[in-house]
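An overview of the molecular structure
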Amino acid sequence: MENIIELDNVTKRFGGITALNKASLKVTRGEVVGLIGDNGAGKSTLIKTLVGVYSPDEGDILIRGKKVNAWNALKARESGIETVFQDRALTPQQSIVKNIFMGKELRYPFGFIKEKEQIFEANRLIREIGFTSKLINAESPVGNLSGGERQGVAIARAIYNKAELIVLDEPTNNLSLNETQKVFDFVLNVKKSNRSVLFIGHNIYHVYDISDRFVILDRGEVVHQLNKNDISTPEELMKIMRDTIGAH
Amino acid sequence: MSNNNSYLINYFHRNGRALGSIGYFVILMVIFLIGAPEAWIRPNLHQSVFVMMPTLIFLTIPLVFLVASGEIDLSFASTYAVAAYVFALLVKNGVDPAICLVLGIFTGAAIGALVGTLIVVFRLSSLVASLGVLFLLRGVILLLSNSRSITIMEVENHWIYPLLVGNFYGFPMQIFWAAIFVIFCYYFFNKHVFGIHIQHVGDNSVSAEQMGINVNAVKIKAFMFVGIGSAIGGIFTTMITYTFFPTQGFGYLLLALAAVFVGGTPYWGGLGTIIGAVFGVGIIAYMEIGIIAIGWSGEWRQFFNGLIILLALLGHRLHGERVR
């Protein structure tokens with residue numbers, strides 16, 4: 001199986017604190033990887049390094065087997081990695097359409113924006129995701145949306161860009177049951193189209209249900225990598241997680 | 001029906017602030033018309049406004065970009081004079097005025113880039129840092145020029161004079177250049193990647209960065225644009241009056257800032273309106289000249305400028321608070 005992305009012994013420090021210590025992780029095509037760990041385990045740092053928001057102090061990042069230099073958020077997006085950040089990464093005073101195309105606007109030559117095309121696509125995506133309110137269209141400001149609807153906008157962005165790897169950082173936080181189900185459906189659709197998902201969650205049950213493989217992170221280190229076949233219930237996963245963290 | 005409603009709501013969200021400043025402008029015109037109809041009807045009142053407005057437009061519109069990006073710049077009032085000084089000095093030394101114009105604008109861009117880099121790289125407060133640069137550059141100008149003005153009558157005989165600041169059937173040419181600048185900036189702000197990125201950066205710079213926008217580069221470019229606008233304003237004014245004088249531009253500092261905010265651009269970043277700013281400039285320019293025209297003493301100008309800033313802020317508050 002082709003590796004979409006690979007972190008090889010990546011270390012990231014903030015001042016004197018080592019947030020990530022020689023962490024290695026890979027995501028292959030068509031799989032859903034669940035990343036779990038306690039608060040402060042380094043999940044956010046790992047994600048932000050993976051998607052280019054932070055640059056690693058040591059170690060390599062490989063995209064489809066090739067080492068990349070000067071990794072940053074724009075390069076990550078151009079390599080087919082889209083992220084739904086925990087804070088959604090939205091600009092609330094701007095319209096839905098501007099948010100969906102943020103950083104990857106459809107452009108004419110000289111940088112002018114294909115506004116009509118963007119609005120058309122955004123309206124299509126809004127219907128696809130299933131916004132219920134008729135008062136919402138592509139030109140509505142994001143600030144008027146509920147938490148679930150904002151998550152919808154962040155996901156629409158990932159859908160439009162047809163990413164090969166979609167990173168979902170705590171995507172079910174503060175969502176209703178119905179909205180959580182929509183996120184799960186989305187993950188399954190991505191998998192079905194032979195693309196990959198890296199799913200970060202607090203809720204072990206959510207992560208267990210959706211993932212093919214689990215990566216357990218503790219104090220900046222990858223302490224366990226398990227296949228779903230290795231465990232039979234979420235409780236077992238929970239127990240492994242507790243034991244490793246305790247022993248570590 | 002609900003769909004029409006939502007388009008109406010969105011239209012208001014996008015244009016409410018601009019409509020607000022247009023409303024203020026209309027009210028101001030009505031007051032002047034009632035207060036001094038004979039002065040208002042005389043064309044020379046509007047001619048004086050037309051002379052003043054272009055300079056203010058070149059200063060104010062780029063500031064809208066910068067404020068929308070979440071920063072502020074006060075140093076533009078000195079950049080204005082530095083660029084004019086470079087222009088005048090080179091013209092005086094026999095360099096072709098067209099080349100002097102280009103070099104003057106380049107000076108403005110370079111100062112903007114330096115100020116922007118200083119603020120963005122060292123994470124300085126743009127208000128305080130640009131206040132420092134405002135004084136620093138003014139000091140440099142006073143020292144270099146020995147506090148003396150430079151007269152450049154020779155510029156009148158060059159082809160750029162009638163083209164840029166000449167007279168076209170009674171209208172000063174600079175009003176046309178200002179109009180072209182406004183139209184360009186309208187598209188640049190609303191339909192171009194540069195303007196859109198500025199709005200994202202000013203709205204939430206963390207989000208913008210996560211989406212791969214180079215936040216620092218966007219902000220530095222916005223500072224450069226302010227430098228370019230100030231340089232154009234300074235050089236145009238120097239050509240109109242045939243004179244560079246070392247204190248020039250200082251008077252525009254507060255007027256241009258007032259025009260930005262009266263024009264409906266909120267101070268907190270992420271939003272801005274070019275059309276609103278044009279009417280903001282209109283309000284400030286007519287205020288400066290209209291008070292005298294209706295026969296009141298000049299002392300009232302500052303009073304009314306202050307009053308209109310406060311009224312504008314209160315009015316724009318009705319349009320809503322910042323959403324997060």
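This next bit is on the overall build of chain A. Secondary structure assignment for chain A yields eight helices and ten strands. Taking 2.2 N^0.38 as the reference for a compact globule, 248 residues should give roughly 18 Å; the C-alpha atoms of chain A span a radius of gyration of 18 Å, in line with that estimate. When its C-alpha atoms are laid out on the principal axes, chain A stretches across 55 × 40 × 35 Å. Of the contacts formed within chain A by residues at least 6 apart in sequence, a portion of 70% connects residues at least 24 apart.

Glycine aside, a negative phi is what most residues show, and trans is what most peptide bonds show. Located in the positive-phi region is Arg64 of chain A, a residue other than glycine, with phi close to 45 degrees. Position of Arg64 of chain A relative to the elements: it lies in the loop between strand 4 (58–63) and strand 5 (66–67). The phi dihedral of Ser147 of chain B falls on the positive side, at around 60 degrees, and the residue is not glycine. Its place among the elements puts Ser147 of chain B in the loop between helix 6 (126–144) and strand 1 (150–151).

In this section: the interface of chain B and chain A. Counting residues at the interface gives 25 residues for chain B and 27 residues for chain A. For the side of chain B that touches chain A, the secondary structure elements donating two or more residues are helix 1 (2–35), helix 9 (193–203) and helix 10 (205–210) of chain B. It is helix 9 of chain B that contributes the most residues to the side of chain B that touches chain A, six residues altogether. When the residues that make up the side of chain B that touches chain A are grouped by side-chain class, the tally is eight nonpolar, 13 polar and four charged.

The strands making up a sheet associate through hydrogen bonds between their backbones, and the pairing can be parallel or antiparallel. Residues and elements named next belong to chain A. Spatial ordering of the open sheet is given by 6-7-8-3-9-10, a layout of six strands whose pairing is mixed. Each having just a single partner strand, strand 6 (81–84) and strand 10 (221–227) make up the two edges of the open sheet. With strand direction ignored, the average angle separating the axes of adjacent strands in the sheet is 20 degrees. Where strand 9 (residues 213–218) and strand 10 come together, six bridges link them in antiparallel fashion. Paired with Leu217 across the two strands is Val222, which belongs to strand 10. The sheet strands contacting helix 1 (residues 43–50) are strand 3 (32–37), strand 7 (165–169), strand 8 (196–200) and strand 9, and the helix crosses strand 7 at an angle near 150 degrees. Taken strand by strand, helix 5 (residues 147–160) contacts strand 6 and strand 7, and its axis lies near 175 degrees from that of strand 6.

Here we take up the packing of helix 8 (residues 173–190) of chain B against helix 13 (residues 274–293) of chain B. Residues and elements named next belong to chain B. Viewed as axis vectors pointing N to C, helix 8 and helix 13 meet at an angle of 145 degrees, and their least axial separation amounts to 9 Å. Across the interface between the two elements, Val182, Cys185, Tyr186 and Phe189 of helix 8 pack against Ile274, Ile275 and Val278 of helix 13. Tallied by class, the residues present in the contact of helix 8 with helix 13 amount to seven nonpolar, no polar and no charged.

Moving on, we get to the domain arrangement of chain A. Residues and elements named next belong to chain A. Each assigned domain of chain A is listed with its residue range as follows: domain 1 (3–80 + 163–247) and domain 2 (93–162). Distance from the C-alpha centre of domain 1 to the C-alpha centre of domain 2: 26 Å. Facing the ten residues of domain 1 at the interface are ten residues of domain 2. If one sorts the elements of the side of domain 1 that touches domain 2 by residue count, helix 6 (residues 177–192) sits on top with three residues.

Before going further, it helps to examine the environment of Tyr85 of chain B. All names here are of chain B. Position of Tyr85 relative to the elements: it lies in helix 4 (residues 76–92). Look at Tyr85 and you get buried, because 24 C-beta atoms sit within 10 Å. In the structure, Tyr85 is positioned 222 residues away from Leu307 in sequence and 34 Å away in space, judged by C-alpha atoms. The contact partners of Tyr85, leaving out residues within four places of it in the chain, are Ile141, Leu144, Ser145 and Phe244.

Mapped onto the secondary structure, Ala208 of chain B falls in helix 10. Classification of Ala208 of chain B by C-beta neighbours within 10 Å gives buried; the count is 25. Spatially, the C-alpha atoms of Ala208 of chain B and Ile9 of chain B are 26 Å apart, while their sequence positions differ by 199 residues. Ignoring anything within four residues of it in the chain, the contact list for Ala208 of chain B reads Thr91 of chain A together with His200, Val201, Ile213 and Val215 of chain B.

Moving on: the sheet that holds strand 5 of chain A. All names here are of chain A. Read from one edge of the open sheet, four strands run 2-1-4-5, paired in antiparallel fashion. Each edge of the sheet is formed by a strand with only one pairing partner; in this case those strands are strand 2 (17–28) and strand 5. Taken together, the five bridges between strand 1 (residues 3–14) and strand 4 define a ladder with antiparallel strand orientation. What sits directly across from Thr11, in strand 4, is Glu58.

Our focus in this paragraph is helix 8 of chain B. Residues and elements named next belong to chain B. Taking 1.5 Å per residue, 18 residues should reach 26 Å; helix 8 reaches 26 Å between its end C-alpha atoms and fits that length. Along helix 8, the residues classified as buried are Gln174, Ala178, Cys185, Phe188 and Phe189. When helix 8 is viewed along its axis, its buried side chains cluster within an angular range of 85 degrees and face the same direction. Turned more than 90 degrees away from the buried face of helix 8 sit Ile180 and Ile183, all of them exposed. Residues of helix 8 that are buried in the fold lie against helix 3 (43–68), helix 7 (160–165), strand 3 (171–172), helix 9, helix 11 (215–241) and helix 13.

The rules behind the values
Residues numbered from 1 in each chain as written. Chains lettered and ligands numbered in written order. Predicted model: local features only at pLDDT ≥ 70, side-chain atom pairs only at ≥ 80, totals over all residues. Helix = DSSP H or I, 4+ residues; strand = E, 2+ residues; numbered from the N terminus. Rg over C-alpha atoms; globule rule 2.2 N^0.38 Å. Contact = placed C-beta atoms within 7 Å. Nonpolar A, V, L, I, M, F, W, Y, C, P; charged D, E, K, R; others polar. Pairing = 2+ DSSP bridges. Axes fitted to C-alpha atoms, helices over the stretch in contact; angles between N-to-C directions. Domains from an automatic or database assignment. Buried ≥ 20, exposed ≤ 12 C-beta atoms within 10 Å, placed from the backbone. Expected span 1.5 Å × (residues − 1). Arc of directions from axis to C-beta.

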